[in-house]
Amino acid sequence: MHGYKRIMVTGGTGFLGSFLCERLLREGNDVLCVDNYYTGSRDNVLHLLDDPRFEILRHDITFPLYVEVDEIYNLACPASPVHYQHDPVQTVKTNVHGAINMLGLAKRTKAKIFQASTSEVYGDPAVHPQPEEYRGSVNPIGPRACYDEGKRCAETLFFDYHRQYGVEIRVARIFNTYGPRMQTNDGRVVSNFIVQALQNQPITIFGDGKQTRSFCYVDDLIDGFIRLMAAPAGVTGPINLGNPGEFQVRELAEMVVEMTGSKSDIIFQALPVDDPTQRKPDISRATQQLGWQPKVNLREGLERTIAYFEWKLSGGVKNKLDVRNPPETYPHLAAPNLGLTAPEAAR
């Protein structure tokens, strides 16, 4: 029996998936990265391609996949309203058909399987902060339902496969997460504000800016994933993973303007339909069962994320390798080029 694990990450070239692939490789596992590149990018994993334990497969999980694995992390699904509302039917298929296909694979291979669920299962909550016991307030026919209800149905499938077939499952409900490798056009609030501020464009706030969010830095979230997957068999979740620090959206905008030295004005537009007015995780369960708490505060995380977007928007002119891939992460790999010219990459 091999001492390492063969682990598959669906959505592995995306924002979260690429960081997860790195972490799993660093721990000595074989990693199969599966993605159809709908929102992911090969650029996010270019620096991993020379690792003999890393493999990429272009595949859409709405179709069955036949591979041999020990663990599955199911992250495949567009996560921002701009992307998941672009093709809502496909979003539902990814959540539901994708869950069925990945659970079927886990059942056949007896693999442990992780589902990346979302705080959006709580909808616009009537309970604050949101504990896992809260069943949510979701509009099943609204424009966000393809994602919200799709994720809720995926959770149903995970627990039914667990009860009916004995599949070992883990379900994490992810709250707003940010960091390097977010797309410049993904429509999420942190990336939107940073890109607008760096370009001195008006910063657009939807609503009055008093709605709240809790922002978790990507490194903290990935640590939560690993801890949940390694937890005893009885710890199935769902478990909230997010930073309980709560900020008004306007506070975030003002912080980004100040940190970037931007000349941007803040403007207000109508709040989208079904956009939640409050979002804050109760992480008591994660703390008790996983020994997990986020460590990176918002200002520290924003510094790293702003530096990444400066590099990204400069077309790679500014050398931000340390932001994207800390050199200590992969001592056995050459430093990634990431589109920089040779002199810049060698600095």
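Here, every reference points to the structure presented above.
Definitions and cut-offs
Residues numbered from 1 in each chain as written. Predicted model: local features only at pLDDT ≥ 70, side-chain atom pairs only at ≥ 80, totals over all residues. Heavy atoms only, no water. 1 Å grid on protein atoms, 1.4 Å probe; cavity = no way out; pocket = protein on both sides within 12 Å on 5 of 7 lines; lining within 4 Å. Points joined across faces, edges and corners; volume = space filled by probe spheres on them. Nonpolar A, V, L, I, M, F, W, Y, C, P; charged D, E, K, R; others polar. Salt bridge = Lys/Arg side-chain N within 4 Å of Asp/Glu carboxyl O. Helix = DSSP H or I, 4+ residues; strand = E, 2+ residues; numbered from the N terminus. Buried < 20%, exposed > 50% of the residue type's maximum accessible area, 1.4 Å probe, protein only. Contact = heavy atoms within 4.5 Å. Expected span 1.5 Å × (residues − 1). Bend = angle between axes of the 7 residues up to and from the residue. Pairing = 2+ DSSP bridges. Axes fitted to C-alpha atoms, helices over the stretch in contact; angles between N-to-C directions. Parallel < 35°, antiparallel > 145°, perpendicular 65-115°, else oblique. Left-handed = near helix turned anticlockwise from the far one by under 90°.

Describing empty space enclosed by the protein
Then step 1. Within this structure, the stated rule accounts for one cavity of 30 Å³ or more.
Then step 2. Asn74, Ala76, Thr94, Asn95, Ala99, Gln115 and Lys151 together form the lining of the largest cavity.
Then step 3. Taken together, the residues of the lining of the largest cavity break down into two nonpolar, four polar and one charged.

A closer look at the pattern of salt bridges
A side chain with one charge can pair with a side chain of the opposite charge if their charged atoms come near.
Then step 1. By the definition in use, this model includes 23 salt bridges.
Then step 2. Between arginine 6 and aspartate 70 there is a salt bridge, with its nearest N and O atoms 3.1 Å apart. Note that arginine 6 is positioned in strand β1 (residues 6–10) and aspartate 70 in the loop between β3 (54–58) and β4 (71–74), a separation of 64 residues in sequence.
Then step 3. Of the residues examined, arginine 6 reaches a relative accessible area of 30% and is grouped as partly exposed.
Then step 4. Note on aspartate 70: relative accessible area 18%, which makes it buried.
Then step 5. Notably, a salt bridge pairs arginine 173 with glutamate 155, separated by 2.8 Å at the nearest N-O pair. Of this pair, arginine 173 sits in strand β6 (residues 169–174) while glutamate 155 sits in helix α4 (residues 145–165), and the two are 18 residues apart along the sequence. As far as the burial class goes, arginine 173 and glutamate 155 line up, both buried.
Then step 6. It is possible to trace a salt-bridge network through shared partners that takes in Glu120, Arg144, Arg213, Asp275 and Arg279.

Quick notes on the side chain of glutamine 130
Then step 1. Looking at the element boundaries, glutamine 130 is found in the loop between β5 (112–118) and α4.
Then step 2. Looking at glutamine 130, the relative accessible area reads 0%, which means it is buried.
Then step 3. The contact partners of glutamine 130, leaving out residues within four places of it in the chain, are Tyr122, Pro125, Phe175, Asn240, Gln278, Arg279, Lys280, Pro281 and Asp282.

Let's talk about helix α3 (residues 88–109)
Then step 1. The terminal C-alpha atoms of α3, which comprises 22 residues, lie 31 Å apart, in line with the 32 Å expected from a rise of 1.5 Å per residue.
Then step 2. At glycine 98, α3 shows its maximal kink, close to 25 degrees.
Then step 3. Those residues of α3 lying buried are Thr91, Thr94, Asn95, Val96, Gly98, Ala99, Asn101, Met102, Leu103, Leu105, Ala106 and Thr109.
Then step 4. For α3, the elements touching its buried residues are β1, β4, α2 (81–84), β5, α4 and β6.

What to know about the sheet that holds β4
Then step 1. Taken in spatial order, the seven strands line up as β3-β2-β1-β4-β5-β6-β11 in an open sheet, and their pairing is parallel. Single-partner strands in this sheet number two, and they are β3 and β11 (239–241). Strand-to-strand twist of the sheet, defined as the mean angle between neighbouring strand axes without regard to direction, takes the value 20 degrees.
Then step 2. Here α4 sits on the sheet in contact with β5 and β6, set at roughly 155 degrees to β5.

Concerning the packing of α3 against α4
Then step 1. The N-to-C vectors of α3 and α4 enclose an angle of 15 degrees; their axes lie 9 Å apart at closest approach. In terms of orientation, α3 lies roughly parallel with respect to α4. Crossing hand, α3 versus α4: right-handed. Contacts between α3 and α4 pair Pro88, Thr91, Val92, Asn95, Val96, Ala99, Ile100, Leu103, Gly104 and Lys107 from the former with Cys146, Tyr147, Gly150, Lys151, Cys153, Ala154, Leu157, Phe158, Tyr161 and Tyr165 from the latter.
Then step 2. Taken together, the residues that form the contact of α3 with α4 break down as 14 nonpolar, four polar and two charged.

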